[in-house]
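The lines below spell out each chain.
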Amino acid sequence: MADPDAGADLFAEGLVPRDALLTAQITSYEDVAAKMRERMAALPEGEQTELEQAAAILRRVRAGGDLKLLPLAVVSKDGT
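Just so it is clear, the structure is predicted and the values come from calculations on it, not from any experiment. (Residues numbered from 1 in each chain as written. Predicted model: local features only at pLDDT ≥ 70, side-chain atom pairs only at ≥ 80, totals over all residues. Heavy atoms only, no water.)

Draft legend 1. Local environment of the overall build of the chain. A tally of regular secondary structure across the chain gives 3 helices and 0 strands. Per-residue burial for the chain yields a buried fraction of 6% across its 80 residues. (Helix = DSSP H or I, 4+ residues; strand = E, 2+ residues; numbered from the N terminus. Buried < 20%, exposed > 50% of the residue type's maximum accessible area, 1.4 Å probe, protein only.)

Draft legend 2. Structural view of helix α2 (residues 18-42). Over its 25 residues, α2 extends 37 Å from the first C-alpha to the last, a length consistent with the 36 Å expected when each residue adds 1.5 Å. Those residues of α2 not exposed but buried are L21, S28 and A33. (Expected span 1.5 Å × (residues − 1).)

Draft legend 3. Molecular detail of helix α3 (residues 45-62). End to end, α3 covers 26 Å across 18 residues, agreeing with the expected 26 Å (1.5 Å per residue, within 8%). Looking at the residues trailing α3, positive phi occurs at G64, about 95°.

Draft legend 4. Examining the layout of surface pockets more closely. Its boundaries defined by the atoms lining it, the largest pocket holds a volume of some 280 Å³. As for the largest pocket, its lining consists of A33, M36, R37, R39, M40, L43, L51, E52, A55 and R59. Breaking the lining of the largest pocket down by element, the ones donating at least two residues are α2 and α3. Looking at the lining of the largest pocket, the element that brings in the most residues is α2, giving 5 residues. Taken together, the residues that form the lining of the largest pocket break down as 6 nonpolar, no polar and 4 charged. (1 Å grid on protein atoms, 1.4 Å probe; cavity = no way out; pocket = protein on both sides within 12 Å on 5 of 7 lines; lining within 4 Å. Points joined across faces, edges and corners; volume = space filled by probe spheres on them. Nonpolar A, V, L, I, M, F, W, Y, C, P; charged D, E, K, R; others polar.)

Draft legend 5. Representation of the side chain of Q48. By secondary structure assignment, the location of Q48 is in helix α3. In this structure the side chain of Q48 is engaged in a polar contact, spanning 2.9 Å, whose partner is the backbone oxygen of M40. Residues contacting Q48, with those up to four places away along its chain left out, are M40, A41 and L43. (Polar contact = N/O pair within 3.5 Å; in protein donor to acceptor, adjacent residues only side chain to side chain. Contact = heavy atoms within 4.5 Å.)

So, in C-alpha coordinates, the structure goes:
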(Lines give C-alpha, C1' and ligand atoms only; values in the text may rest on other atoms or scores of the structure.)
Protein backbone atom coordinates (compact mmCIF):
# COMPACT_ATOMS: atom_id res chain seq x y z
CA MET A 1 0.00 0.00 0.00
CA ALA A 2 1.30 3.46 -0.85
CA ASP A 3 2.39 5.87 1.85
CA PRO A 4 -0.12 8.77 1.72
CA ASP A 5 2.38 11.22 3.25
CA ALA A 6 4.98 10.43 0.62
CA GLY A 7 2.41 10.98 -2.11
CA ALA A 8 1.36 14.29 -0.59
CA ASP A 9 5.01 15.38 -0.44
CA LEU A 10 5.49 14.60 -4.12
CA PHE A 11 2.30 16.50 -4.96
CA ALA A 12 3.44 19.51 -2.91
CA GLU A 13 6.75 19.57 -4.78
CA GLY A 14 4.89 19.51 -8.11
CA LEU A 15 6.34 16.14 -9.10
CA VAL A 16 3.03 14.25 -9.20
CA PRO A 17 -0.17 15.67 -10.67
CA ARG A 18 -3.04 15.94 -8.18
CA ASP A 19 -5.23 13.59 -10.25
CA ALA A 20 -2.58 10.86 -10.17
CA LEU A 21 -2.32 11.08 -6.38
CA LEU A 22 -6.09 10.89 -5.92
CA THR A 23 -6.37 8.03 -8.39
CA ALA A 24 -3.67 6.07 -6.52
CA GLN A 25 -5.44 6.61 -3.19
CA ILE A 26 -8.79 5.52 -4.64
CA THR A 27 -7.23 2.43 -6.23
CA SER A 28 -5.54 1.50 -2.96
CA TYR A 29 -8.83 1.85 -1.07
CA GLU A 30 -10.66 -0.27 -3.66
CA ASP A 31 -7.98 -2.98 -3.40
CA VAL A 32 -8.32 -3.14 0.39
CA ALA A 33 -12.14 -3.26 0.13
CA ALA A 34 -11.95 -6.10 -2.42
CA LYS A 35 -9.62 -8.12 -0.17
CA MET A 36 -11.95 -7.59 2.78
CA ARG A 37 -14.94 -8.80 0.75
CA GLU A 38 -12.99 -11.90 -0.37
CA ARG A 39 -11.98 -12.75 3.19
CA MET A 40 -15.51 -12.16 4.44
CA ALA A 41 -16.95 -14.46 1.77
CA ALA A 42 -14.50 -17.20 2.81
CA LEU A 43 -15.73 -17.19 6.42
CA PRO A 44 -18.47 -19.52 7.68
CA GLU A 45 -21.92 -17.93 7.65
CA GLY A 46 -22.10 -17.64 11.45
CA GLU A 47 -18.83 -15.71 11.62
CA GLN A 48 -19.97 -13.45 8.78
CA THR A 49 -23.11 -12.62 10.74
CA GLU A 50 -21.13 -11.89 13.91
CA LEU A 51 -18.75 -9.59 12.04
CA GLU A 52 -21.62 -7.75 10.35
CA GLN A 53 -23.29 -7.20 13.74
CA ALA A 54 -20.02 -5.98 15.29
CA ALA A 55 -19.43 -3.62 12.36
CA ALA A 56 -22.94 -2.19 12.74
CA ILE A 57 -22.29 -1.51 16.44
CA LEU A 58 -18.95 0.17 15.67
CA ARG A 59 -20.54 2.36 12.99
CA ARG A 60 -23.26 3.42 15.43
CA VAL A 61 -20.73 4.25 18.16
CA ARG A 62 -18.49 6.18 15.77
CA ALA A 63 -21.50 8.14 14.55
CA GLY A 64 -22.32 9.09 18.13
CA GLY A 65 -25.47 6.99 18.50
CA ASP A 66 -25.98 5.22 21.82
CA LEU A 67 -22.80 6.80 23.14
CA LYS A 68 -22.67 6.59 26.92
CA LEU A 69 -20.37 9.18 28.46
CA LEU A 70 -18.75 8.71 31.83
CA PRO A 71 -19.48 11.40 34.43
CA LEU A 72 -16.13 13.16 34.69
CA ALA A 73 -15.21 16.19 36.78
CA VAL A 74 -12.86 18.85 35.49
CA VAL A 75 -9.97 19.63 37.83
CA SER A 76 -7.78 22.65 37.17
CA LYS A 77 -4.02 22.57 37.56
CA ASP A 78 -4.10 24.95 40.53
CA GLY A 79 -6.46 22.65 42.46
CA THR A 80 -9.56 24.83 42.33
